[in-house]
Amino acid sequence: MGGSLAGLLAAHVLAGHADRVTVVERDRLPDGPGPRPGVPQGRHPHVLLQGGQVAMESLLPGFLAELREAGAPRVGMPSDMVMWQTGRWFRRLPATTHIYTGSRAQLEGLVRRRVLANPVISVSEGTDVVGFLGDASRVRGVLVRDRSGDARAASRPLDADLVVDASGSGTKAPQWLAAIGAEGPQEETIDTGLAYASRVYRGTNGALDGETRGYYAYPDPDQVHAGGALPLEDGSHLVIVSGLRGDEPPTDDDEFVTYAKRLPHPLLHRWLDEAEPLSPAFGFRRTANIRRRYDLPGHPAGFLATGDALCTFNPIYGQGMAVAAMSAVALRDALADRRRTPTTRRVQQALLAASRLAWDISAGADRKMPGAVGTATDGGPADRIAGWYLSRVQERAPGDPVVGRAFRAVLTLSAPVTALFAPPVARAVLFRPPAPTPTEPPAAPEEPGSRAE
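Residues numbered from 1 in each chain as written. Predicted model: local features only at pLDDT ≥ 70, side-chain atom pairs only at ≥ 80, totals over all residues. Heavy atoms only, no water.

*Asks:* Go over the side chain of Ser-198 with me, naming the residues and quoting the values.
*Replies:* Mapping Ser-198 onto the fold places it in strand S12 (residues 195-202). Of note is the side chain of Ser-198, whose polar atom sits 2.7 Å from the side chain of His-44. (Helix = DSSP H or I, 4+ residues; strand = E, 2+ residues; numbered from the N terminus. Polar contact = N/O pair within 3.5 Å; in protein donor to acceptor, adjacent residues only side chain to side chain.)

*Asks:* An account of the sheet that holds strand S18 (residues 289-293) is requested, with residue identities and associated values reported.
*Replies:* The strand order S11-S18-S20 describes an open sheet built from three strands, whose pairing is antiparallel. Edge positions in the open sheet fall to strand S11 (186-190) and strand S20 (311-312), since each of these has one partner strand only. Both S18 and S20 contribute to a ladder of two bridges, which runs antiparallel. Of the residues in S20, the one forming a bridge with Arg-291 is Cys-311. Sheet strands in contact with helix H9 (residues 344-367) are S11, S18 and S20, and its direction is about 145° off that of S18. (Pairing = 2+ DSSP bridges. Contact = heavy atoms within 4.5 Å. Axes fitted to C-alpha atoms, helices over the stretch in contact; angles between N-to-C directions.)

*Asks:* So what's going on with the packing of aromatic side chains? Residues and values would help.
*Replies:* A full pass over the atoms with the stated rule returns nine aromatic pairs. Their ring planes at 55° and their centres at 5.5 Å tell us that Phe-132 and Phe-303 sit as a pair that is tilted. Placement of the pair is Phe-132 in strand S7 (residues 127-134) and Phe-303 in strand S19 (residues 303-305), with a sequence separation of 171 residues. The residues Phe-132 and Phe-303 share a single accessibility class, namely buried. A ring pair is formed by Tyr-201 and Phe-256, whose centres lie 6.2 Å apart and whose planes are at 20°; its orientation type is stacked. (Phe/Tyr/Trp six-rings, centres within 6.5 Å; stacked < 30°, edge-to-face > 60°. Buried < 20%, exposed > 50% of the residue type's maximum accessible area, 1.4 Å probe, protein only.)

*Asks:* Which residues make up the pattern of salt bridges, and what values do they have?
*Replies:* Per the stated rule, a full pass over the model turns up 20 salt bridges. Across the pair Arg-140 and Asp-135 runs a salt bridge whose closest N-O atoms are separated by 3.1 Å. Judged by its relative accessible area of 38%, Arg-140 falls in the partly exposed class. One salt bridge in this structure joins Arg-432 and Asp-400, with 3.3 Å as the shortest N-O distance. Taken together, the residues span a long stretch of sequence, with Arg-432 in the segment after helix H12 (423-431) and Asp-400 in the loop between helix H10 (380-396) and helix H11 (401-411) at a distance of 32 residues. The network of salt bridges with shared partners includes Glu-188, Arg-291, Arg-293 and Asp-295. (Salt bridge = Lys/Arg side-chain N within 4 Å of Asp/Glu carboxyl O.)

*Asks:* Break down the pairing of strand S5 (residues 97-100) for me, with residues and values.
*Replies:* Because side chains alternate across S5, one face comprises the buried residues Thr-97 and Ile-99, and the other comprises His-98 and Tyr-100, equally buried. Bridge count for strand S2 (residues 74-77) against S5 is four bridges, and the pairing is antiparallel. Its bridge partner lying in S5, Val-75 is registered against Ile-99.

*Asks:* If you had to explain empty space enclosed by the protein to someone new, which residues and values would you point to?
*Replies:* Going through the model one piece at a time under the given rule, you end up with two cavities of 30 Å³ or more. Computed from the structure, the second largest cavity encloses a volume of approximately 40 Å³. Lining the second largest cavity are His-46, Val-47, Leu-48, Leu-67, Ala-72, Tyr-100, Thr-101, Gly-102, Gln-106, Leu-107 and Met-321. Within the lining of the second largest cavity, the residues separate by chemical class into seven nonpolar, four polar and no charged. (1 Å grid on protein atoms, 1.4 Å probe; cavity = no way out; pocket = protein on both sides within 12 Å on 5 of 7 lines; lining within 4 Å. Points joined across faces, edges and corners; volume = space filled by probe spheres on them. Nonpolar A, V, L, I, M, F, W, Y, C, P; charged D, E, K, R; others polar.)

*Asks:* Give me the lowdown on the packing of helix H1 (residues 5-14) against helix H4 (residues 104-115), citing residues and values where you can.
*Replies:* Running from amino to carboxyl end, H1 crosses H4 at an angle of 20°, the nearest separation of the two axes being 10 Å. Overall, the two elements H1 and H4 adopt an arrangement that is roughly parallel. Seen from above, H1 lies across H4 with left-handed handedness. Of the residues in H4, those in contact with Leu-5, Leu-8, Leu-9 and His-12 of H1 are Arg-104, Leu-107, Glu-108, Val-111, Arg-112 and Val-115. (Parallel < 35°, antiparallel > 145°, perpendicular 65-115°, else oblique. Left-handed = near helix turned anticlockwise from the far one by under 90°.)

*Asks:* Before we move on, could you go through the pairing of strand S15 (residues 237-243) and cite the residues and values that matter?
*Replies:* Among the seven residues in S15, seven count as buried, and that is most of the element. Side chains His-237, Val-239, Val-241 and Gly-243 project from S15 onto one buried face, and the interleaved Leu-238, Ile-240 and Ser-242 project onto a second face that is buried too. In the sheet, S12 pairs with S15 via seven bridges, with the strands oriented antiparallel. The residue of S15 that forms the bridge with Tyr-201 is His-237. By the bridge criterion, six bridges tie strand S14 (residues 226-231) to S15 in an arrangement that is antiparallel. The residue of S15 that forms the bridge with Ala-229 is Val-239.

*Asks:* Give me the sheet that holds strand S9 (residues 156-159): which residues, what numbers.
*Replies:* What the three strands build is an open sheet, ordered S7-S8-S9; its pairing is antiparallel. Two strands close off the open sheet at either side, each with one partner strand: S7 and S9. Ignoring which end each strand starts from, the neighbouring axes of this sheet average 35° apart.

*Asks:* Tell me about H1, and name the residues and values.
*Replies:* Counting buried residues along H1, nine of its 10 residues qualify, which places the element largely inside the surrounding structure. Within H1 the residues assigned to the buried category are Leu-5, Ala-6, Gly-7, Leu-8, Leu-9, Ala-10, Ala-11, Val-13 and Leu-14.

*Asks:* How would you sum up the nonpolar core? Please name residues and give values.
*Replies:* Membership of the largest hydrophobic core comes to 98 residues, with the highest contact counts inside it found for Met-56, Val-111 and Phe-132. Looking at which element gives the most residues to this core, the answer is helix H8 (residues 320-336), with 10 residues. Leaving out residues up to four positions away in the same chain, Val-111 has contacts with Leu-5, Leu-8, Leu-9, Met-56, Leu-60 and Phe-63. Counting residues in each nonpolar core, the second largest holds 21 residues, with Val-82, Trp-84, Tyr-215 and Val-239 among its members. (Core = buried A, V, L, I, M, F, W, Y, C linked by side-chain atoms within 4.5 Å.)

*Asks:* With reference to specific residues and values, describe the layout of surface pockets.
*Replies:* Of the pockets and cavities examined, the second largest pocket occupies roughly 770 Å³. Residue composition of the lining of the second largest pocket, grouped by class: 19 nonpolar, seven polar and five charged.

*Asks:* With reference to specific residues and values, describe helix H7 (residues 267-274).
*Replies:* The complete set of buried residues in H7 reads Leu-268, His-269, Trp-271 and Leu-272. Projection of H7 onto a plane perpendicular to its axis shows the buried side chains occupying an angular sector of 160°, all on one side. Counted as exposed and oriented over 90 degrees from the buried face of H7: Arg-270 and Asp-273. Those residues of H7 that are buried lie in contact with S12, strand S13 (214-217), S14, S15 and helix H6 (253-259). (Arc of directions from axis to C-beta.)

Dropping the structure here:
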């Protein structure tokens, strides 16, 4: 269910275990890269974090080379970016990780071409799933209906040995499970009310075209406005600004630029004042963290959830595409494990585990934001102790190379959170004061060996 990134990669894995895999997709898929209604965030910034790159390459060997050949920018962190967080500018030390910042449509188009070349996989386009077949013990297929615009059009059954929900954050699977007498998931939610708006610009002063590829200011409880500019494959930049509930960024052209004044430094506003807008501004407000616990006992066999249908993150942290790829790797490994029978629950536990680090990062940060609401806003005493330590990590990451390397590895989902407690990192966090950082946005990367690295 769903022909987006999570659905395509799940289909790719399942094609090695099934005679036929059918992807049911509500949209008509474009022939190449292009936005579509079923991806409401498609016009907004997307990044492929390091953990997602490793997973993607494991699933589709050679994919990263294809991505580079298509022009997707590969941005070194922190060398290529001007970044601000918790009141401090990051030193632009040599990169310890890289992200891809091209458009979502480009990346998804490349994945779609590779995956759908497999004759085992077919796509039912322009088709809605409207319910499940089965009973409380097992899901046995779905009811589908052509998207003809006629709400009275008859549905038809599509039998399946396994149904995978990759329909995104707006999934209706909990309601459809209830309709066949099956148990739905428990939901954990944290919602800060964050909203953002994005617009494509082309710079005219060269400020983001040379050694500086982009700019980003991250939100925190003391500075709730965030924003930045990330390079796209055609040489333009996708600009985003964000605020919390009651102070949502506007989509009016002039007001969009004015809103950038809320950021902690006028750098982005000055750039926007001179840059050429290439698109309207688009807004997005569905940014709650939602985790659906299908891994608990009592759920029916024959049904799995993945991607945003399983775990939705505040998009401001850029984790969604990486987790989709990492979940597909978890699905592949769970099905290939000859030591254990891949029961529905066991595989669902593996899928949830693949998203756990991203959830801990996103939910942990959002719990601290003013006005956060939901069922999981109280992390308990252990969370408060960890929060004290992590706040010290954040204070030191901008200027300390050792702490910064570990911090980026965790945030890009390429190292477990335990990397932040490794002895060299812990010594810096517990016993050293924060290292000096630039007082103004650093205009160029530091040379290797400069100051203490």
